[in-house]
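Observations on the three-dimensional arrangement
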Amino acid sequence: MSNDFIPQMIPWFGDEEADAMDQYMRSGGFLMEFKKTQEFEQRIAEYTGAKHAIVVNNGTVSLSVAGIVCGLNAGDDVLIPNYTMIATPNSIKMIACNPVFVDVCKETLCMDLELAKKAITPKTKAIMFVNSNGRYPKEGIEEFVKFAKENNLALIEDSAQALGSFYPDGRHMGTVGDVGTFSFSVPKIISTGQGGALVTNDDELATKIRKLKDFGRSGGGSDIHDSIGWNFKFTDMQAVVGNEQMKKLPWRVERKKEILKRYVNNLAGVSQVSFFETDLKNTTPWFIDIMLSERRDELIEHLKENSVGSRVMYPPINEQECYNIAGTYPVSKSVGKQGLWLPSSGQLTDSEIDKVCNLIRGFYL
Ligand SMILES: Cc1ncc(COP(=O)(O)O)c(C=O)c1O
């Protein structure tokens, strides 16, 4: 057995990205966003089936921009799952809105629809639905669409963890609500170092997004401004990498699914370990997430001593010091105590997965 460290996650770039970047840097390119970025946007639109894809500098900003174009104003409330990456609530704090936390379903870690229904007030203006690890709500996303329509709420899909994941009706995650967003930070299935994208089928929203990220320019390249905007632009350097990464997405999707299958098979019968419900026909697992009924911290140490990295899953957001909001959120609280991400990089070999699983089996059985 090799003693090489198996990290929880490692960057996933290769010669193709290096060669493309080398060629680009010698081609007299502008580096700032231009044709390579347009190509990257087109690839995302084609892959997801969205009418428009617009890239920005990161996934957090893509959510703030989604909130602005969906008409959120300072003081509005937005429903946010209490289990998510901190960027989801922080993105709307940036536009002076208030997150209202809703617990998630224990099977999927997606927002609990019944609890969301109880959480709305006249101040609620939007839902940020998070496709947790590429999963969809057990009621179907249509029920969230209906709930949003009936209550005049914008529906923003935070699909940062869901590129390559589809709803059972075949639509790509992120393309069903008013606006969907993605992140291309390094741990994601494709990465541009940093980066984010918004997708929408609404022409008017797409125009607003493009203006917002480009100083509010009235038209491409001019210095005439009929609205306020900022600079949330991408770069062609990132797009050069992104275009190569997009070519690899289809087989990466397959490999990610195989990795989860192997973990599930190998850990069958270890009663202390449970997996969330993952429909591998549609979901591409981004990270291998498990719940441990006992001794999580000891297991983390055991793995570390044997050269295996892992990472505790997100704590409940309401308990994070920066929010510190009282409330009863049993599912996200239990994930904070028992959830663990196992090594999840796409480059994991079968024998590395077997090594991790054998260590876990040996620890518990
Ligand atoms: C659910 C979710 N939303 C938003 C983000 C933020 O994306 P970024 O890191 O690109 O700002 C992340 C990043 O991991 C995420 O997992």
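Residues numbered from 1 in each chain as written. Predicted model: local features only at pLDDT ≥ 70, side-chain atom pairs only at ≥ 80, totals over all residues.

Turning next to the overall build of the protein chain. Scanning the protein chain for helices and strands turns up 11 helices and 11 strands. For the protein chain, the C-alpha radius of gyration of 21 Å lies close to 21 Å, the compact-globule estimate for 365 residues. Counting over 365 residues, the protein chain shows a buried share of 47%. A sequence separation of at least 24 residues applies to 70% of the contacts in the protein chain between residues at least 6 apart. (Helix = DSSP H or I, 4+ residues; strand = E, 2+ residues; numbered from the N terminus. Rg over C-alpha atoms; globule rule 2.2 N^0.38 Å. Buried ≥ 20, exposed ≤ 12 C-beta atoms within 10 Å, placed from the backbone. Contact = placed C-beta atoms within 7 Å.)

Here the focus is the sheet that holds strand 10 (residues 311–312). Spatially, 8-9-11-10 is the arrangement adopted by the 4 strands of the open sheet, whose pairing is antiparallel. Every interior strand has two partners, whereas the edge strands, strand 8 (273–275) and strand 10, have only one. Of the pairings in the sheet, the one linking strand 9 (residues 288–292) to strand 11 (residues 339–342) comprises 4 bridges and is antiparallel in character. Residue pairing in the sheet places Ile-290 in a bridge with Leu-340 of strand 11. (Pairing = 2+ DSSP bridges.)

As a further point, take the site of the ligand. Gly-59, Thr-60, Ala-87, Ala-160 and Ser-183 are the nearest of the 14 residues found near the ligand. Contributions of two or more residues to the shell around the ligand are made by helix 3 (59–69) and helix 4 (87–93). (Near = placed C-beta within 6 Å.)

With that out of the way, let us pick up the sheet that holds strand 2 (residues 77–81). Strand order in the open sheet formed by 7 strands is 1-7-6-5-4-2-3, with mixed pairing between adjacent strands. The open sheet terminates on both sides in strands that have one partner only, identified here as strand 1 (52–56) and strand 3 (98–102). Strand-to-strand twist of the sheet, defined as the mean angle between neighbouring strand axes without regard to direction, takes the value 25°. Sheet topology note: the strand 1/strand 7 (residues 196–200) ladder contains 5 bridges and is antiparallel. Residue Ile-54 lies in a different strand from strand 7, and its bridge partner there is Leu-198. Where helix 2 (residues 35–48) meets the sheet, its contacts fall on strand 1 and strand 7, and the angle it forms with strand 1 comes to roughly 130°. (Axes fitted to C-alpha atoms, helices over the stretch in contact; angles between N-to-C directions.)

This paragraph deals with the environment of Phe-363. If you trace the backbone, Phe-363 turns up in helix 11 (residues 350–364). According to the C-beta neighbour criterion, Phe-363 is partly exposed, with 17 such atoms within 10 Å.

Val-65, Ile-127 and Met-128 are the most contacted members of the largest nonpolar core, which totals 98 residues. Here this core gets 8 residues from one element, more than from any other, and that element is helix 8 (residues 236–266). Two domains each provide a minimum of three residues to this core, namely domain 1 (15–243) and domain 2 (249–364). Those residues in contact with Met-128, other than ones at most four positions away along the chain, are Leu-63, Val-78, Leu-79, Ile-80, Thr-88, Ile-156 and Asp-158. (Core = buried A, V, L, I, M, F, W, Y, C linked by C-beta atoms within 7 Å. Domains from an automatic or database assignment.)

Taken domain by domain, the protein chain holds domain 1 (15–243) and domain 2 (249–364). Looking at side-chain class alone, the side of domain 1 that touches domain 2 contains 14 nonpolar, 8 polar and 5 charged residues. (Nonpolar A, V, L, I, M, F, W, Y, C, P; charged D, E, K, R; others polar.)

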